[in-house]
Each structure stands twice: as structure tokens, then as C-alpha cells.
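# Structure at a glance
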Amino acid sequence: MNLQIDSEKLASELHELAAFSETPSPSVTRIVFSEQDIAARAWFRQKCIAAGLTVREDAVGNTFACWQGTDASSGAVGTGSHIDAIPNAGRFDGTVGVLGGLEAIRALKNSGFAPKRSMELILFTSEEPTRFGIGCLGSRLLSGVLKSERAKTFKDREGNSLEDLRRQAGFVGDLASVELQPGHYAAFVELHIEQGPLLEARNQDIGIVTSIAAPAGMRISLTGSGGHAGAVLMRERKDAFVGAAEIAVAVEAAALCTGSPDSVATTGICDVFPGAVNSVPSKVKLEIDVRDSDLSRRDGMVTAIHEECQAIARRRQLEVTIEMVNSDAPAACDPSVVARITNACRHLGLTHMQMVSRAYHDSLFMSHLAPASMIFIPCHLGLSHRPDEFASLRDITNGVAVLAHTLAALAA
Ligand SMILES: [Zn+2]
């Protein structure tokens, strides 16, 4: 099969999409269900319709653009990623998999290829945890790992509920209807930037993902007692923030002492109340992210952090509550999908290596529904989630070509 990937068109679409942002270029900020997110989704729908695809949306805003196969009764082949972006992010995370997936399908259509299985391009809602504190909201609901009863309780930091926000964004219907039946997809493949430095450092065109590391999210609330920063003497204080600072150090120690480079733990959010320079902090909320490619090692870190929180709170006479936001198992990618990606690389003469995805992606949850894997392309210096995130057009085009050949093999 001789496929023509239209790199120029893809580059200009990535450029256009990056302009839907709450922060000025080159920074991209696109929070789920924000004005910019809703406008970007409308723009994307038009691109899909222009490509001759049939678009449907579910109750949480996952968007499916379908190319009907000749055998509509057999499971579809899925591809896709996300377009939401954390504050002050770059333009390639997620978007390469969404617009690259669209270009792969356009190239297959233009070549005269007729798929037996339908192909579905998916834009997943809220892969980033920015708004609701939980990542992969859309794919979690699709896979049934997250049940609608729990999702209905989700609120953002301003107290707006997911239920209200999604309806205001135009996504109605019951959240329970989002979950897909096993068999809906015969396979799923996601194209994504690596977000790490290995492919570039080893001069490889393509990474073929064999497993995806397991994230756990913890939300910790500390309550002490506040008061005037001048009047409350040091010995009488129950300063919630100083306790939180000790916890952050303990989080770092938990990851460092496993001895594995795959263990990582981060305190990324620290909300201090009342947040005044002349007031002793009475309440603090922390959010902590703990990851590893090995589940037992990851859970060991979570247990250690749990115990340290209790000990620090006891010593400082603080009240502590610890909530597990999520605790997901790592995913093993499917060998037959991995083999198809490998064949595509060989066919195209591209260098490739197998790798673990240390970041998690919608594929982690899609792997519950269907055999899945991911195609990684190099990103410069491994930088991601920042405005200088960069993937070259050559690498993006290679990734799209591998995706197109893989989709064709899976859908034939
Ligand atoms: Zn991503």
C-alpha cells in the first residue's frame, strides 16, 4: 500500500488547534469544558465531517468519528487521544494522536483502501486531571473502570459539578450510557509523543509500547488551627502547612528509597487556607501522584506515604484524612497489536524499539475493552507539559504512517 501523508495539512491543523488556548502562544492551556475546549471540539468535528466521517458524541463528550467498514457487524478498530491541555502546556501532547489519527484515516481513504472493520477516531474527554482531579475521565467511563455513580459526584475546585459542566457543554444523556460493551472494539492503537528522552537519545524513529505504568492518586487534607501570625506563639501552634511540608518530603523519600528508577512520586498541588501572609495556616489540601511500572512496588510507596502522613499528623496534632483518588493497575499491551506496529515500522524502513510508557494514557483504560498498544514518536529532550514541547514534522509524519499501516492491518 502506497500512502501519501499530507504533512503540510497536518502541520497547519496542529497550528490551528494550538490557537484554541487560554494562554498566549507558544503556551497552550485548554481545560476540559472551558470555552476554548468547546470551541476546539466544534472545529475538530468540522474537520471530521469534511473527511467524510460520521460523528457522534456520548454523554461525557467523548467524540467518535467513524469510517464505516464493509462488515459493520465485526468490532471496530479504534484510534485517538485527547486535546485537553494542562495550564501552560505545549501543542503536541494528545493532539498528535487526534489529528494524526485523522490524517491516517484520510490517507487510507485517498489510497482507495476499503476497511472490513469500521475505523473509529476517538477524542477522549479530559485525559488530564486538571479540572476533576482524575485523569482519563472519558476512557475510564468508556471502559467501565469508573462507574457513572461515582463520576456524578465529581466537582471541580470551584464546586461546579461534572454533571452541570458537561450538560452546559452540550453533552446530555445519562453518564451510565457512556460505558461500552466488550467487543465494540476489536483493537485500539494510540499515537502519542514519548514525553521522555529515550527515542531521541537512541536515535530511534518509533517507540512501540509494551506496557503502561500504573498511577495512583492521593488527596490529603490536614486540619490544624489558625490564628494571628503575630499573636499565636510557636509552641502553641498547630500549623497545617508545616505538616504538609513534611509530608511532601516524605513523598519524595518514599520514591527514592525503592531503589528503582521506575518509582516516582510527586506532590503537585498544595492549597493553603486561609492563604494570608499574617495568618497561621489552618487547613491544607495536598494532591499526590505515585507511579511505577511494577504494581507491588507502587502500592508499597502508597502504604509508606500513608503511614508517614499518620505519624506526622500525630506528632503535630493535626487531623488528617487520606483519600485514594485512583489506584490503577499497569496495562500490558497486546502482543498481536505490538506485532502489527512492528511490521508497519519494518515495511516503512523506520528504526524502532520496544518501551514502557511511564506516563499513563487513555490506552491504559482502552486496554480493558480491546487488545491495545501505543505508537510513540520522539519529543525533543523529552520535554512535555511545557510550552517548549516539540516534535518534528518528520517524526510526526513517520508516526502517522506507522499508525495508518497498523490500522489498515487491523481493519483488513
Ligand atoms: Zn497525552
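In what follows, the structure referred to is the one given above.
Summarised in this report is the structure supplied together with it. Since we're looking at a predicted model, the values are computed, not measured.

## Thoughts on the state of the cysteines
Per the counting criterion, the structure on display carries zero disulfides. No disulfide involves Cys66; its sulfur sits 11 Å from the nearest other cysteine sulfur, which is in Cys48. The closest cysteine sulfur to the non-disulfide-bonded Cys345 is located on Cys333, 14 Å from its own sulfur.

## Quick word on the coordination of the zinc ion
Looking at the zinc ion, the protein donor atoms are His82 (NE2), Asp93 (OD) and His192 (NE2), and they sit 2.0 to 2.2 Å from it. Summarised as a motif, the one-chain spacing of the donors to the zinc ion is H-x10-D-x98-H. Of this pair, His82 sits in strand S4 (residues 76-82) while Asp93 sits in the loop between strand S5 (85-89) and helix H3 (95-110); the two residues are 11 residues apart in sequence, bridging distant segments of the chain. Classification of Asp93 by relative accessible area gives buried; the value is 9%.

## Description of the packing of aromatic side chains
Enumeration over the complete set of coordinates arrives at five aromatic pairs. Ring geometry for Trp67 versus Phe113: centroids 6.4 Å apart, planes at 70°, classification edge-to-face. Highlighted residues: Trp67 in strand S3 (residues 63-67) and Phe113 in the loop between H3 and strand S6 (119-124), separated in sequence by 46 residues. Accessibility assignment for this pair places Trp67 and Phe113 in one class, buried. Across from the ring centre of Phe64, 4.0 Å away, lies the NZ or CZ of Arg56, which sits over that ring. Looking at Lys283, its charged tip hangs above the ring of Phe273, at a distance of 5.4 Å from the centre.

Rules and cut-offs
Residues numbered from 1 in each chain as written. Predicted model: local features only at pLDDT ≥ 70, side-chain atom pairs only at ≥ 80, totals over all residues. Heavy atoms only, no water. Disulfide = S-S within 2.5 Å. Donors = N, O, S within 2.8 Å, 3.2 Å for Na, K, Ca; no water. Helix = DSSP H or I, 4+ residues; strand = E, 2+ residues; numbered from the N terminus. Buried < 20%, exposed > 50% of the residue type's maximum accessible area, 1.4 Å probe, protein only. Phe/Tyr/Trp six-rings, centres within 6.5 Å; stacked < 30°, edge-to-face > 60°. Lys NZ or Arg CZ within 6 Å of the ring centre and 35° of its normal.

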